[in-house]
Amino acid sequence: SFEALDRVDLSYLGFASGIYLKTVEAAVSEYNKSIEGKKLNLAGFGGCVIEVPWGKVLVTGSASSEISGEYSLIVDLGGDDTYKGSTASPGESGGICTVVDLGGNDTYEALDSAALACGLFGVGVLLDLSGNDTYTCQESGLGCAWYGTGVLADFSGDDSYVTLGAWGQGAAHAGIGFLTDISGDDTYECATQSQGFGSTLGVGILIDSAGNDTYLAYPDGNPSPPFRNNSVSFAQGTGFGRRADYGDGHSLAGGIGIIADGQGDDSYSGGVYCQGAGYWWALGICEDRSGNDTYSSVWYSLGSAPHFAVGCCVDLVGNDRYNTRDGTHNERLVSQTQGCARDGSVAWFIDGDGDDTYYHRNRCAGSGDLNSIACFWDRRGNDTYTCDRNPPYQNDRSYGAGTAYEKFGSFRDEMRTAGIFLDTQGDDTYTELMPADDDKQGPPLEAGNNSTWYHENQDPNSFGFGIDIEWYR
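The shown structure was predicted, so the numbers you read here are calculated from the model rather than taken from an experiment.

Inspection of the entire model under this criterion finds 42 aromatic pairs. Aromatic pair Trp-146 and Trp-167: ring centres 4.4 Å apart, planes at 45°, arrangement tilted. With a gap of 21 residues between them, Trp-146 in strand S11 (residues 141-154) and Trp-167 in strand S12 (residues 160-168) connect regions that are remote in the sequence. Here the basic side chain of Arg-379 rests over the ring of Tyr-472, its NZ or CZ set 4.5 Å away from the ring centre.

Next comes the structure, spelled out in structure tokens:
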């Protein structure tokens, strides 16, 4: 696998993918123009198979069909169809494989790996132009790429996307995995490493333009003992690299993972590493452009990153809720979220507008740790902040803090660590949930409405500060 990374020609792959996808886009646009105001008369047409130099082409009629088999191109003219087996995936032989479904409430199912809209050593493209569709894959599908380009585009309808295992819904290793849904109230489910996930030399993208959408990474999808058996999601805009400085020494820089949602009241639920997170020389981005949204996560999420990475989460408009339950102690919601950077990383969290509700523990909301820079910015709105001091992990500050360490005797001693908290408009409320045993209490909450606070450690290169001020009227 290491040798394959050296051999893959990403320039060649990217150029070929771009040319082909522009051709497909032009064909779909031409078709839509040709049928505008018309209704196709497909009576009596049951479909056909055409042999071409690069494989077989299947054209089906408007009746409901069950479609399976190896085809380079499938064009379905309508009907509620069921696709099984390999669909829009070139397979180990490589090449190009495309499916265009023009209408109907369709079901796509692939229980084998890399069998549904997966660019495995080539280009796999699935376009569904209308209907309420259901997509299910076991692993490596729904806009996934392994040394290739995988694309799934659904143009309309209330759709369901399920990845039972890993690597789906915009995920890539050495290539580009892309899933886009243009409209409808959609549901996305996965176990791990999905929903905008980028590994080495990969870019994984999930874009949903409109609708009230639900993004779920299963809470038991990938449990990890170091994270109190919470699931390591690596989902919803996460870049990931292989860290091996404590293993075989063959570390690999991560890729780019992006999730972006345009309109609607959306729900995001994940575990560890999700919603704009980067790990090990990687970049993760989560952006929601409008709507009253709800976010639930556990650790290293909502614009956070450890180990020379970048994490970014931006929600532009809406009255949003971040990790809120019933306002009481909740052990599942741990720490290091919404602008937390560790070990040479950069983290950004921005909420543009709205009356928002936040729940935090330690090292949240602008926390720089170990030569990192982190920023939390709530631009406008009357916001509510709850800081939970109950154990576990209650001993470190949030709301603009930088940690300090003993001298390393290395370049780290000269590098800055900064945590920045900004709330720049609104009548805001800050509350602490205190433990019954005062001896276990962490540092006092200094954040407050229309106030400024500053933390300077013994190390002059490490500091944190926060401002709650009326910059916008």
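A few words on the pairing of strand S13 (residues 171-181). With nine of its eleven residues buried, S13 lies for the most part within the structure. In this structure, S11 lies alongside S13, joined through ten bridges in parallel fashion. Bridging across to S13, Val-151 finds its partner in Phe-178. Both S13 and strand S15 (residues 197-198) contribute to a ladder of two bridges, which runs parallel. Bridge assignment links Ala-172 to a residue of S15, and that residue is Gly-198.

Think of an α-helix as turning once every 3.6 residues; residues three or four places apart then point the same way. In a regular helix each residue adds 1.5 Å, so 25 residues correspond to 36 Å; helix H2 (residues 10-34) covers 36 Å between its end C-alpha atoms and thus fits that length. Each element contacted by the buried residues of H2 is listed here: strand S9 (122-128), S11 and S13. The N-cap of H2, judged by a side-chain oxygen 3.3 Å from the amide nitrogen of Ser-11 a few residues on, is Asp-9.

Cut-offs applied
Residues numbered from 1 in each chain as written. Predicted model: local features only at pLDDT ≥ 70, side-chain atom pairs only at ≥ 80, totals over all residues. Heavy atoms only, no water. Phe/Tyr/Trp six-rings, centres within 6.5 Å; stacked < 30°, edge-to-face > 60°. Helix = DSSP H or I, 4+ residues; strand = E, 2+ residues; numbered from the N terminus. Lys NZ or Arg CZ within 6 Å of the ring centre and 35° of its normal. Buried < 20%, exposed > 50% of the residue type's maximum accessible area, 1.4 Å probe, protein only. Pairing = 2+ DSSP bridges. Expected span 1.5 Å × (residues − 1). Contact = heavy atoms within 4.5 Å. Polar contact = N/O pair within 3.5 Å; in protein donor to acceptor, adjacent residues only side chain to side chain.

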